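# Per-entry structural report
Spelled out, the chains give:
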Amino acid sequence: MSDSSIAFIGGGNMAHSLVGGMIASGRKPTSIWVADPFVDQLDNHRHRHGVNVTQENTEAAANADVIVLAVKPQILRDAAAQIASIVQERKPLMLSIAAGLREPDISRWLGGDVPVVRAMPNTPALIRCGATVLYANPSVTGQQKALAEEIMGAVGLCLWVDEEEHMDAVTATSGSGPAYFFHMMECMQAAAEDLGLPADVARQLVLQTALGAARMASEGEDEPGTLREKVTSPGGTTAAALEVLGQEDLAGVIKKALTAARDRSRTLSDEFGKD
Ligand SMILES: NC(=O)c1ccc[n+]([C@@H]2O[C@H](COP(=O)([O-])OP(=O)(O)OC[C@H]3O[C@@H](n4cnc5c(N)ncnc54)[C@H](O)[C@@H]3O)[C@@H](O)[C@H]2O)c1
């Protein structure tokens, strides 16, 4: 782990996940600054993670090697304007995790000609089980690419794409993805309770089954389709359930959902990326 200093502009949900994951991976809390206008949010960071906190974005950004833009897309333009002069003086690596917003807009808001990496992480970064995709603009040096990869790689899988356009589909798949699996867990737990299982039994069974299935799919040799077939006895219980999922076109529903997320990512940049 390098001794670079990192400033988070915005200390919300995703900043908590990333900061928690980075510290768990060995980064020194004193190398991290978090800026947020809300004192409660900052207190939470200080108590949970022991990092430096401030209400002033400029104070956090002043000496950082990497500045993570972790505010909502609607806010990013104003937050960027507040630190643009510092960024122009020192040209630190800018890492934007905002959904949708495109690199040329972010660079322009920061005064132009700035090394910008767009990153799309997800909340399991908190337990170092995240999935992040990175895209770099041409101003990013090889050393800065390595630094971005070190930071995000410390909290889980880290992949690069060469085309910025892919970031919308990435957001729909892994950025929002944890919510789809959490929703599946909610639905299964509710259904199991409707079938008469006590709530705590239903909860434990659903969570352990999700964990077991995810681990088998990611750690074993077999593809998910093969693993599904191995659970499904001809004429048995799983076949009865999968038949319903097919009749209800679960695959089509999931495709529609990811397409809606991809399209929303695109419109976010049209809505908030203008001058
Ligand atoms: N939550 C996720 O799963 C997730 C995943 C990937 C990417 N993202 C992206 O991360 C960004 C943050 O999302 P989040 O879920 O953490 O949102 P959030 O609302 O939890 O956090 C945003 C934080 O920014 C603070 N803030 C508001 N105005 C500010 C300003 N001017 N300067 C500094 N801080 C300011 C808010 O007080 C809040 O604490 C978004 O752009 C989102 O698209 C989120």
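Residues numbered from 1 in each chain as written. Predicted model: local features only at pLDDT ≥ 70, side-chain atom pairs only at ≥ 80, totals over all residues. Heavy atoms only, no water.

Before going further, it helps to spend a moment on the overall build of the protein chain. When you go through the protein chain residue by residue, the secondary structure sums to 12 helices and eight strands. Its C-alpha atoms give the protein chain principal-axis dimensions of roughly 70 × 35 × 35 Å. Sorting the 275 residues of the protein chain into buried and exposed places 40% on the buried side. Long-range pairs, those at least 24 residues apart, make up 63% of the contacts in the protein chain between residues at least 6 apart in sequence. Total accessible area on the protein chain is roughly 14900 Å²; 56% of this is exposed by carbon and sulfur atoms. (Helix = DSSP H or I, 4+ residues; strand = E, 2+ residues; numbered from the N terminus. Buried < 20%, exposed > 50% of the residue type's maximum accessible area, 1.4 Å probe, protein only. Contact = heavy atoms within 4.5 Å. Areas by Shrake-Rupley, 256 points an atom, 1.4 Å probe, with all protein chains shown as cover.)

Glancing now at helix α8 (residues 177-194). Under the 1.5 Å per step criterion, the end-to-end length of α8 is 26 Å for 18 residues, consistent within 8% with the ideal 26 Å. Where α8 is concerned, the buried positions are Gly177, Pro178 and Ala192. Axial view of α8: buried residues confined to an arc of 105 degrees, hence all on one face. Set apart from the buried face of α8 by more than 90 degrees, the exposed residues are Glu186 and Asp194. Buried residues in α8 make contact with α7 (166-175) and α9 (199-219). One or two residues past the end of α8 sits glycine 196, with phi positive at roughly 110 degrees. (Expected span 1.5 Å × (residues − 1). Arc of directions from axis to C-beta.)

What follows is about the UniProt feature "domain: Pyrroline-5-carboxylate reductase dimerisation" (unreviewed entry) in the protein chain. Under the UniProt annotation, the feature "domain: Pyrroline-5-carboxylate reductase dimerisation" (unreviewed entry) is placed at residues 164-268. Secondary structure across residues 164-268 divides into 83% helix and 0% strand, with the first and last C-alpha atoms of the span separated by 15 Å. (UniProt positions renumbered as here; feature names shortened; annotations may be inferred.)

Turning our eyes to something else, we now look at the pairing of strand β6 (residues 116-120). Burial within β6 is extensive, with five of its five residues counted as buried. Residues Val116, Arg118 and Met120 point to one face of β6 and Val117 and Ala119 to the other, with burial holding for every one of them. As defined by bridge partners, strand β5 (residues 93-96) adjoins β6 across three bridges and the pair is classed as parallel. Opposite serine 96, over in β6, you have arginine 118 as the bridge partner. You can see the chain leave β5, run along helix α5 (residues 103-109) and come back into β6, and the turn it takes is right-handed. Relative to strand β7 (residues 130-136), β6 runs antiparallel, the two being bridged by four bridges. Along β7, the bridge assignment pairs alanine 119 with leucine 134. (Pairing = 2+ DSSP bridges. Right-handed = clockwise from strand over helix to strand, strands pointing away.)

Turning our attention to the pattern of salt bridges. Using the criterion set out here, one finds 11 salt bridges in the structure. In this structure, the salt-bridge partner of aspartate 270 is arginine 102, at a minimum N-O distance of 3.6 Å. Of the two residues, aspartate 270 is situated in helix α12 (residues 250-272) and arginine 102 in the loop between β5 and α5; the sequence distance between them amounts to 168 residues. Judged by relative accessible area, which is 31%, arginine 102 ranks as partly exposed. For the salt bridge of arginine 262 with aspartate 263, the shortest nitrogen-to-oxygen distance reads 2.7 Å. Arginine 262 sits in the partly exposed class, given a relative accessible area of 25%. Residue class for aspartate 263 comes out partly exposed when judged on its relative accessible area of 33%. What emerges from the salt-bridge pattern is a single network uniting Arg262, Asp263 and Arg266. (Salt bridge = Lys/Arg side-chain N within 4 Å of Asp/Glu carboxyl O.)

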